[in-house]
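Descriptive structure summary
Single-letter residue listing:
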Amino acid sequence: MAQRAKAIAFVEQTWELAYALEKRVQFPPVDLPGFSGGEIQHDGFPSDPIEAARALRSHWGLGEDPIPHLVRALENHGLIVTLVPFAGADTPRIDAFSTSRLPRPLVVLTPDRADDVYRHRFTAAHELGHLLMHGDTAPGDHQQEREADLFAAELLTPRHIIRPLLPTKLDFIALSEVSRTWGVSVMSLIYRSRELGLLSDATARRAYQRINQMEKLGLIVPEPVANYPGETPCLLSKAFALAETHGLSYSLLARELRWRIPRLRLLLGEADTRPTLRLV
């Protein structure tokens, strides 16, 4: 209950910050099918997760290639994405979540997944699936979680494209090459291979065991999100940096929001220079 209260408070503060910045800087327009006025209308958009992922790829003009910067793609289409330890020591106990009950959809990614960029990307795609198909998902709804996983897998690795690229026998070298190209983990590719009928359940189980052993021996080391700027949220920090060139300061904004400057800095995150913004 305490963690939920902290999450709700964080969502409210994030929107206060976004609203204050949007009075000074024009954000990218929200481009999420069905989203309007703080809710998702599902009329005309596929409810099937695989078809929904394909429809979004088409709508966003992503084609059939790997998505090189997933978080940046969300931000460039007007979604707010955050990755900050907003609840202090309690943050690792709060799962990533999303909400469409704001003037802009919000995806909250948690730092406990940031030590593995592939896990982080899948989580972002999973939450995007929730936004498109479910609006605000009910915690613990296994069917919706399964649908969001199917959406994420199809968005990141469209089956008709990825299937010919996957080995028909267990080959970690080949899987590693596909993993780097498509920005997904070897573990998820093994799951995908089993799902597509390329590997048997028994072979997949052996592969999972082998990967776990290699991780324990340090032969597989996850890559942190910090090494991939395109997967680190920057919309809010860039908006502040742009407004700062026209007179805004930490102290002025903190006073306006009635926050302490350290809290403001925390919610802004680190600066970057990707989404297109202009002064208003």
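Residues numbered from 1 in each chain as written. Predicted model: local features only at pLDDT ≥ 70, side-chain atom pairs only at ≥ 80, totals over all residues. Heavy atoms only, no water.

In terms of helices and strands, the chain carries 12 helices and 7 strands. In terms of overall size, the chain behaves like a compact globule, its C-alpha atoms giving a radius of gyration of 20 Å where 280 residues would be expected to give roughly 19 Å. Long-range pairs, those at least 24 residues apart, make up 73% of the contacts in the chain with a sequence separation of at least 6. Summing over all exposed atoms, the chain offers an accessible surface of approximately 13,900 Å²; the carbon and sulfur share of this is 53%. With 32 positive and 34 negative side-chain charges, the chain shows a separation of 4 Å between the mean positions of the two kinds. (Helix = DSSP H or I, 4+ residues; strand = E, 2+ residues; numbered from the N terminus. Rg over C-alpha atoms; globule rule 2.2 N^0.38 Å. Contact = heavy atoms within 4.5 Å. Areas by Shrake-Rupley, 256 points an atom, 1.4 Å probe, with all protein chains shown as cover. Lys, Arg positive; Asp, Glu negative; His and termini not counted. Charge placed at Lys NZ, Arg CZ, Asp CG, Glu CD.)

What follows is about the environment of A53. Within the fold, A53 resides in helix 2 (residues 49–59). The exposure class assigned to A53 is buried, which follows from its relative accessible area of 0%. Distance in space between the C-alpha atoms of A53 and L150 is 8.7 Å, their sequence separation being 97 residues. With residues near it in sequence (within four places) discarded, A53 still touches F151, E154 and L155. (Buried < 20%, exposed > 50% of the residue type's maximum accessible area, 1.4 Å probe, protein only.)

Ranked by size, the top nonpolar core spans 50 residues in total, and within it L128, F151, L155 and I190 carry the most contacts. Discounting chain neighbours no more than four positions away, the residues touching L128 are L32, L56, W60, L74, L79, F151 and L155. In this structure, V25, F240, L257 and L268 belong to the second largest nonpolar core, which totals 32 residues. (Core = buried A, V, L, I, M, F, W, Y, C linked by side-chain atoms within 4.5 Å.)

What follows is about the sheet that holds strand 5 (residues 97–99). Sheets are built from strands that pair by backbone hydrogen bonding, the pairs being arranged parallel or antiparallel. Taken in spatial order, the 3 strands make up an open sheet running 4-6-5, and their pairing is mixed. Unpaired on one side and paired on the other, strand 4 (80–82) and strand 5 mark the two borders of the sheet. Taken over all neighbouring pairs, the strand axes of this sheet differ in orientation by 10° on average, direction set aside. The sheet contact formed by strand 4 and strand 6 (residues 106–108) spans 3 bridges and is parallel. Within strand 6, the position partnered with V81 by the bridge is V107. With respect to the sheet, helix 4 (residues 117–134) is in contact with strand 5 and strand 6, its orientation differing from that of strand 5 by roughly 30°. (Pairing = 2+ DSSP bridges. Axes fitted to C-alpha atoms, helices over the stretch in contact; angles between N-to-C directions.)

Here helix 4 is 18 residues long and its end C-alpha atoms lie 25 Å apart, about the 26 Å a rise of 1.5 Å per residue gives. Of all 18 residues that make up helix 4, 16 are buried, and the element is covered over most of its length. With a side-chain oxygen positioned 3.1 Å from the backbone nitrogen of Y118, the residue opening helix 4 is D116. Looking one or two residues beyond helix 4, the residue adopting positive phi is G135, at roughly 70°. (Expected span 1.5 Å × (residues − 1). Polar contact = N/O pair within 3.5 Å; in protein donor to acceptor, adjacent residues only side chain to side chain.)

Glancing now at the packing of aromatic side chains. Inspection of the entire model under this criterion finds 3 aromatic pairs. Seen from their ring centres, F240 and Y250 are 4.5 Å apart, and the 35° between their planes marks the pair as tilted. Here F240, found in helix 10 (residues 235–244), pairs with Y250, found in helix 11 (residues 250–257); they are 10 residues apart in sequence, far enough to count as distant. For F240, a relative accessible area of 3% corresponds to the buried category. (Phe/Tyr/Trp six-rings, centres within 6.5 Å; stacked < 30°, edge-to-face > 60°.)

So, on to the side chain of R104. Within the fold, R104 resides in the loop between strand 5 and strand 6. Dropping the residues within four chain positions of it, R104 is found in contact with W15, E22, F27, P28, P29, V30, F35, G78 and I80.

Spatial relationships are all this shows, so hold off on functional conclusions.
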